[in-house]
2 protein chains.
Amino acid sequence: MAATAPRPGNVFDRNCPSRPVLEHATSRWGVLVLGALLGGTRRFTELRREVDGVSEKMLSSTLQSLERDGMVEREVLPVIPPHVNYRLTDLGRRMARHVRRLYQLVEETLPDVLAAQDAYDRRRR
Amino acid sequence: MAATAPRPGNVFDRNCPSRPVLEHATSRWGVLVLGALLGGTRRFTELRREVDGVSEKMLSSTLQSLERDGMVEREVLPVIPPHVNYRLTDLGRRMARHVRRLYQLVEETLPDVLAAQDAYDRRRR
DNA sequence: CGGTATCCCACGGGATACTG
DNA sequence: CAGTATCCCGTGGGATACCG
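Procedures and definitions
Residues numbered from 1 in each chain as written. Chains lettered and ligands numbered in written order. Predicted model: local features only at pLDDT ≥ 70, side-chain atom pairs only at ≥ 80, totals over all residues. Heavy atoms only, no water. Helix = DSSP H or I, 4+ residues; strand = E, 2+ residues; numbered from the N terminus. Rg over C-alpha atoms; globule rule 2.2 N^0.38 Å. Buried < 20%, exposed > 50% of the residue type's maximum accessible area, 1.4 Å probe, protein only. Contact = heavy atoms within 4.5 Å. Areas by Shrake-Rupley, 256 points an atom, 1.4 Å probe, with all protein chains shown as cover. Lys, Arg positive; Asp, Glu negative; His and termini not counted. Charge placed at Lys NZ, Arg CZ, Asp CG, Glu CD. pLDDT = per-residue confidence, 0-100. Pairing = 2+ DSSP bridges. Salt bridge = Lys/Arg side-chain N within 4 Å of Asp/Glu carboxyl O. Near = heavy atom within 4 Å. Polar contact = N/O pair within 3.5 Å; in protein donor to acceptor, adjacent residues only side chain to side chain. Nonpolar A, V, L, I, M, F, W, Y, C, P; charged D, E, K, R; others polar. Buried area = accessible area lost by both parts, 1.4 Å probe.

Under an unreviewed UniProt entry, the name given to chain A is HxlR family transcriptional regulator, and the source organism is Actinocatenispora rupis.

Okay, structure coming up:
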């Protein structure tokens, strides 16, 4: 027992497998996709419109990560043209609710944040 | 009023100034720094040890972003050798508590997540 | 409609060296 | 101790084109 990791099982340990999972959910687009899916089942194109600015490529890879981590369920309807639904799993919904509180707090306190940024920038000039 | 942004003031709008703020707090190292500071005031080197794997450069720039956004306060003691304390502001503490719930949920549900990943990977082979 | 494939760039991020 | 400076690389991410 010489070379074990310092604090295993803990996200503060560099080798903890929680880290990539957390990073998927808190990624630039992961946060917004989880938030959008709190509104209910969505199709690919609906998400694309709702999450303003996301490219097809990033939406696709974000959804794949979240699906792989068990946060999102993907349902393919065998029709033409294709119809694919995305929805949160129970775990995904729990994560998404925490994520929503995060960006809601940012939205609510934005004036304070902008004031802090302004003060910081003036201090530095 | 022809070319106004679609949903201003809302993080789902690509021009919302909330986005970069949210991204700082949910960044790879931002999450862990906020979490560590929930334990109380920390010095630079203490954070470096506690947030396993962070480089000096990234810790420095993460702290600068969080300070600029009004989440973290920096206190420089005029002594030799230098002594610098970092602590959460009230806003930072509110953010950090939400962030902590996020990674605590990931840690708690990690077995389920790993199982989901395994099932996903087997489905794809 | 719901993606993949390709190309490409900016930047997050790591390693190392240096400084007040 | 608490950083900054420099160099460098991998990849997150955008644009465009194409496909079942």
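(A) Focus on the overall build of chain A. Check the secondary structure of chain A and you find six helices and three strands. Walking chain A from its N terminus toward its C terminus, one meets helices and strands in the order α-α-β-α-α-β-β-α-α. Compactness check: chain A gives a C-alpha radius of gyration of 19 Å against a globular reference of 14 Å for 125 residues, more than 25% above the reference. In terms of overall dimensions, chain A has a C-alpha envelope of 60 × 50 × 25 Å along the principal axes. Residues counted as buried form 43% of the 125 residues belonging to chain A. Put simply, 42% of the contacts in chain A that link residues at least 6 apart link residues at least 24 apart. Counting every atom, chain A has about 6,800 Å² of accessible surface; 49% of that belongs to carbon and sulfur. Positive and negative side-chain charges of chain A, numbering 21 and 16 respectively, have mean locations separated by a distance of 3 Å.

(B) Highlighting the confidence of the model for chain A. All names here are of chain A. When the pLDDT values of chain A are averaged, the result is 93; 94% of them are 70 or greater. Put simply, helix H6 (residues 110–123) is where chain A has its lowest mean pLDDT, 95, and strand E1 (residues 42–43) is where it has its highest, 98. Confidence drops under a pLDDT of 50 for residues 1–6, and excluding neighbours within four residues, the segment shows four contacts in the predicted structure.

(C) A look at the pairing of strand E3 (residues 83–88) of chain B. All names here are of chain B. Alignment of strand E1 (residues 42–43) against E3, held across two bridges, turns out to be antiparallel. Bridging across to E3, Arg-43 finds its partner in Asn-85. As judged from the six bridges shared by strand E2 (residues 72–77) and E3, these two strands associate in the antiparallel manner. By the bridge assignment, Val-72 is partnered in E3 with Leu-88. Linking E2 to E3, which pair antiparallel, is a turn of five residues.

(D) View of the pattern of salt bridges. Under the counting rule described, the total for this entry stands at 18 salt bridges over all chains. A salt bridge links Arg-28 of chain A to Glu-23 of chain B; the shortest N-O distance between them is 3.6 Å. In this pair, Arg-28 of chain A is assigned in helix H2 (residues 28–37) and Glu-23 of chain B in helix H1 (residues 18–26), connecting two distinct chains. The class of Glu-23 of chain B is partly exposed, set by a relative accessible area of 30%.

(E) Here's a closer look at the protein's contact with DNA strand C. DNA strand C sits among 20 residues. The nearest are Arg-43, Thr-45, Arg-74 and Tyr-86 of chain A together with Lys-57 of chain B. Within 4 Å of the protein, the contacting atoms of DNA strand C are 60% sugar and phosphate, with bases supplying the remainder. Within the backbone of Pro-82 of chain A, one N or O atom sits 3.3 Å away from a sugar or linking oxygen of DNA strand C. In this structure, Tyr-86 of chain A approaches DNA strand C through a side-chain N or O atom, which is 2.5 Å from a phosphate oxygen. Contributions of two or more residues to the surface near DNA strand C are made by helix H3 (44–50), helix H4 (56–68) and strand E3 (83–88) of chain A together with helix H2 (28–37) and helix H4 (56–68) of chain B. Top element by residues in the surface near DNA strand C is H4 of chain A. It accounts for four residues. Taken together, the residues that form the surface near DNA strand C break down as eight nonpolar, five polar and seven charged.

(F) The arrangement of the interface of chain B and chain A in detail. Of the residues lining the interface, 52 residues belong to chain B; the matching set on chain A comes to 52 residues. In total, chain B and chain A occlude about 4,900 Å² of area from one another, counting both sides; carbon and sulfur atoms represent 64% of this. When the buried surface of chain B facing chain A is broken down by residue, Phe-12, Asp-52 and Arg-68 of chain B rank first, second and third, together holding 15% of it. Linking Asp-52 of chain A and Arg-14 of chain B is a salt bridge whose minimum nitrogen-to-oxygen distance equals 3.2 Å. Here chain B is connected to chain A by 15 residue pairs in polar contact (both at pLDDT 80 or more).

(G) Spotlight on the sheet that holds strand E2 (residues 72–77) of chain A. Spatial strand order, E1-E3-E2 (chain A): three strands in an open sheet with antiparallel pairing. Edge positions in the open sheet fall to E1 and E2 of chain A, since each of these has one partner strand only.

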